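Notes for the structure review
So you can see what is in the structure, the chains are spelled out below.
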Amino acid sequence: HKAELTLDPAFTVAPVHRRLFGSFVEHMGRCVYTGIYEPDHPSADADGLRTDVAALIRELGVTTVRYPGGNFVSGYRWEDGVGPKEDRPVRRELAWHSTETNQFGLDEFMRWARGLDIEPMMAVNLGTRGIQEALDLHEYANHPGGTALSDLRAANGAPDPHAIRMWCLGNEMDGPWQLGHKTAREYGRLAAETARALRTAEPGLELVACGSSGRSMPTFGAWEAEVLGECYDEVDFVSLHAYYEEYDGDLSSFLAAPADMDRFIEEVVATADHVGARRKSSKRIMLSFDEWNVWYLSRFQREQAEDPPTDWPVAPRVIEDRYNVADAVVVGGMLNSLLRHADRVTAASQAQLVNVIAPIMTEPGGRAWRQSIFHPFARTAAAARGRVLRVEPAAPRHDTALYGEVPLLDAAATYDEESGRAALFLVNRSTDTPMEVSADLRGLGGVAAASALTLSDDDVYAANTADDPDRVALKENKDVRLDGGRLTAVLPPVSWTCVELA
Ligand code: AHR
């Protein structure tokens, strides 16, 4: 197969928002406990935070983290997680049928996030709770001092306000599985009133309303229209969540999943803009893609149905998916989809960060290691700089069972005017044929060097394990040539490649 494209800084989409490289820490399974926090681990610091995990998070290039859920937040009492640890209550946790010890909470999260230079994105419970509790959490977290809850924060060891700017108004409120699930009208009203109250407390907050839990939700589209109909003027973002998996060995459809993500984003933009048009509003709602990843969800749902949980374990192993080469290629494509839509998607969080459907895995008391999906995320976060370029590849197309006709090449590119560096992110979706890509770089004004890293393998189902943590890794792609203003690169089947140009 052959494909052609042109990189020209005259045609751009938007700046590369650093918030696109966000992640997500939920009190779920082993994401927090024995993930980022494990006081007995040999690498733990004085706060009980695993420094080996922290080093991998730095390498991953994570910029923001959404916390504390997820489904967890819809039954959470934030005040259980602050104050002296010995006084914190142990609670039944209904979202994941486990026991929450509350040994990690808001103040620990903020110390962890600040230590890693990560921007927090705080979710409030709009499932079992409402406006008052959201205001209380905000007073504790952000109020400077001189009030009961801000003084309590100071007494708990955090005199300076946490200064959390981004707030999610609940989680997946359209999902019947959500504690306190609501109709669009009910949720839209609650989101509007919670937003108004929070903004009265602090006008500069950035607020995210819950969109749909997925494109296939029966209420998708109508949900966004009705929710935004209630809270358009009060919020800045609407959220999107999407998880993909390979069904029944249909690798071609799976590799096309980022094309479905493109459509999902474009449909949410159209719906939000429709609400704006009806209101004659010049304001544009941005998109926060605050849960996205590969997740073998149907396996989890089958297991839950066959063997429903009866016990209440602490930090059990839940959805610890092992990712293979194909999964990593899809994750690379999903990052391309986010970049391509950077004019409207200005925040995103891969779900999740450690152990739970995560790029980073740990063993309790043992090592921390990188899954295959770590690599496209880390490279894209490091190489994508400046502005996203509008790339219109001419590539062969093929038909897929789940997502229709899609191009065999998935491409995104960025260009940083200041340094003169460009990056090209390429996915060959063919399951059996290499792709020769030819790129016209004359518009970049004299590129002298090109280097490329590729993720591919003869066994697309190869995966890393604790004992073989580097089985799947990036390798130098030697089939890259620069000839005047033209780049040629050969991409193996089922592969993700990052070409860096300087
Ligand atoms: O990330 C796992 C779960 O997926 C989250 O808790 C929930 O928001 C979503 O359904």
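Residues numbered from 1 in each chain as written. Predicted model: local features only at pLDDT ≥ 70, side-chain atom pairs only at ≥ 80, totals over all residues. Heavy atoms only, no water.

Let's talk about the overall build of the protein chain
Applied cut-off: Numbering of helices and strands runs from the N terminus; a helix is a DSSP stretch of H or I covering at least four residues, while a strand is a stretch of E covering at least two. All radius of gyration figures rest on C-alpha atoms, and the globule criterion is 2.2 Å times the number of residues raised to 0.38. Contacts are assigned to residue pairs that have any heavy atoms within 4.5 Å of one another. Accessible surface is estimated by sampling points in the Shrake-Rupley manner with a 1.4 Å probe; for residues, cover comes only from the protein chains shown. Here Asp and Glu are counted as negative and Lys and Arg as positive; His is not counted, and neither are the chain ends. To locate a charge, the coordinates of NZ of Lys, CZ of Arg, CG of Asp or CD of Glu are taken.
On a plain count of helices and strands, the protein chain comes out with 11 helices and 25 strands. At 22 Å, the protein chain has a C-alpha radius of gyration in line with the 23 Å of a compact globule built from 502 residues. Along the longest, intermediate and shortest principal axes, the C-alpha atoms of the protein chain span 65 × 60 × 50 Å. Relative to all contacts within the protein chain whose residues are 6 or more apart in sequence, the contacts with residues 24 or more apart total 77%. Of the accessible surface of the protein chain, which amounts to about 19,000 Å², a share of 49% is contributed by carbon and sulfur atoms. Within the protein chain, one finds 50 positive and 76 negative side-chain charges whose respective centroids are separated by 4 Å.

Focus on the packing of aromatic side chains
The description of an aromatic ring pair rests on the distance of the ring centres and on the angle between the ring planes. Note the threshold: Each Phe, Tyr or Trp ring, with Trp reduced to its six-membered ring, pairs with another whose centre is within 6.5 Å; inter-plane angles below 30 degrees give stacked pairs, above 60 give edge-to-face pairs, and intermediate values give tilted ones. Three labels apply to residues, based on accessible area from a 1.4 Å probe with only protein chains included: buried if under 20% of the type maximum, exposed if over 50%, partly exposed otherwise in between. For a lysine, the NZ atom is tested; for an arginine, the CZ atom; a charge sits over a ring if that atom is within 6 Å of the ring centre and within 35 degrees of the ring normal.
One pass over the structure, following the stated rule, counts 15 aromatic pairs. Between Phe 21 and Phe 377, the ring centres sit 6.2 Å apart and the planes meet at 80°, which makes this aromatic pair edge-to-face. Here Phe 21, found in the loop between strand 2 (12–15) and strand 3 (22–24), pairs with Phe 377, found in helix 11 (residues 374–383); they are 356 residues apart in sequence, far enough to count as distant. The exposure class assigned to Phe 21 is buried, which follows from its relative accessible area of 1%. Members of the aromatic cluster, each reached through a chain of ring pairs, are Tyr 33, Tyr 37, Tyr 67, Phe 104, Phe 109 and Trp 112. One residue, Arg 66, lies across the ring of Phe 24, its end atom 4.8 Å from the ring centre. For Arg 370, the ring lying beneath its charged end belongs to Phe 374, and the centroid distance is 5.6 Å.

What about helix 2 (residues 106–115)?
The buried fraction of helix 2 is high, at seven of 10 residues. Within helix 2, the full set of buried residues consists of Leu 106, Asp 107, Glu 108, Phe 109, Met 110, Trp 112 and Ala 113. In the core, the buried residues of helix 2 are packed alongside helix 1 (51–60), strand 4 (64–67), strand 7 (119–124), helix 3 (131–142) and helix 4 (148–155). Asp 117 sits one or two positions beyond helix 2 and adopts a positive phi of about 60°.

Re the sheet that holds strand 24 (residues 486–491)
The following threshold applies: At least two bridges found by DSSP between two strands are what make those strands a pair. Here the axes come from fitting lines to C-alpha atoms, over the contacting stretch only for helices, and the angles between their N-to-C directions go from 0 to 180 degrees.
Taken in spatial order, the four strands make up an open sheet running 1-20-24-23, and their pairing is mixed. Only two strands of the sheet have a single neighbouring strand rather than two, namely strand 1 (2–6) and strand 23 (480–483). For this sheet the average axis-to-axis angle between neighbouring strands, irrespective of direction, equals 15°. Where strand 20 (residues 435–440) meets strand 24, six bridges bridge the pair, whose relative direction is antiparallel.

Details of helix 6 (residues 222–231)
Those residues of helix 6 not exposed but buried are Trp 223, Glu 224, Ala 225, Val 227, Leu 228 and Cys 231. Among the structural elements, helix 5 (184–201), strand 9 (206–209), strand 10 (237–244) and helix 8 (257–278) are those in contact with the buried residues of helix 6.

A look at the domain arrangement of the protein chain
Interfaces are often sized by the accessible area lost when the parts come together. Inclusion rule: Residue ranges for the domains originate in an automatic or database domain assignment. Once two parts are put together, the accessible area they lose, assessed with a 1.4 Å probe and summed over both, is termed the buried area. What makes a salt bridge here is a side-chain nitrogen of Lys or Arg within 4 Å of a carboxyl oxygen of Asp or Glu, nothing more.
Split into domains, the protein chain comes out as domain 1 (4–8 + 389–501) and domain 2 (17–384). Centre-to-centre, using C-alpha coordinates, domain 1 lies 29 Å away from domain 2. Facing the 39 residues of domain 1 at the interface are 37 residues of domain 2. Each partner contributes to the roughly 3,200 Å² buried at the junction of domain 1 and domain 2, and carbon and sulfur atoms together form 65% of this total. On inspection of domain 1 and its partner domain 2, the count reaches two salt bridges.

Some details on the sheet that holds strand 15 (residues 387–389)
The antiparallel open sheet is built from seven strands, whose spatial order is 2-15-18-19-25-21-22. Two strands close off the open sheet at either side, each with one partner strand: strand 2 and strand 22 (475–476). Here three bridges tie strand 15 to strand 18 (residues 409–416), and the two strands are oriented antiparallel to one another. What sits directly across from Arg 387, in strand 18, is Tyr 415.

Examining the pattern of salt bridges
Following the criterion strictly, the structure yields 37 salt bridges and no others. We note a salt bridge from Asp 233 to Arg 279, for which the minimum N-O separation is 2.9 Å. Note that Asp 233 is positioned in the loop between helix 6 and strand 10 and Arg 279 in the loop between helix 8 and strand 11 (286–294), a separation of 46 residues in sequence. For Asp 440, the salt bridge identified is with Arg 442, shortest N-O distance 2.6 Å.

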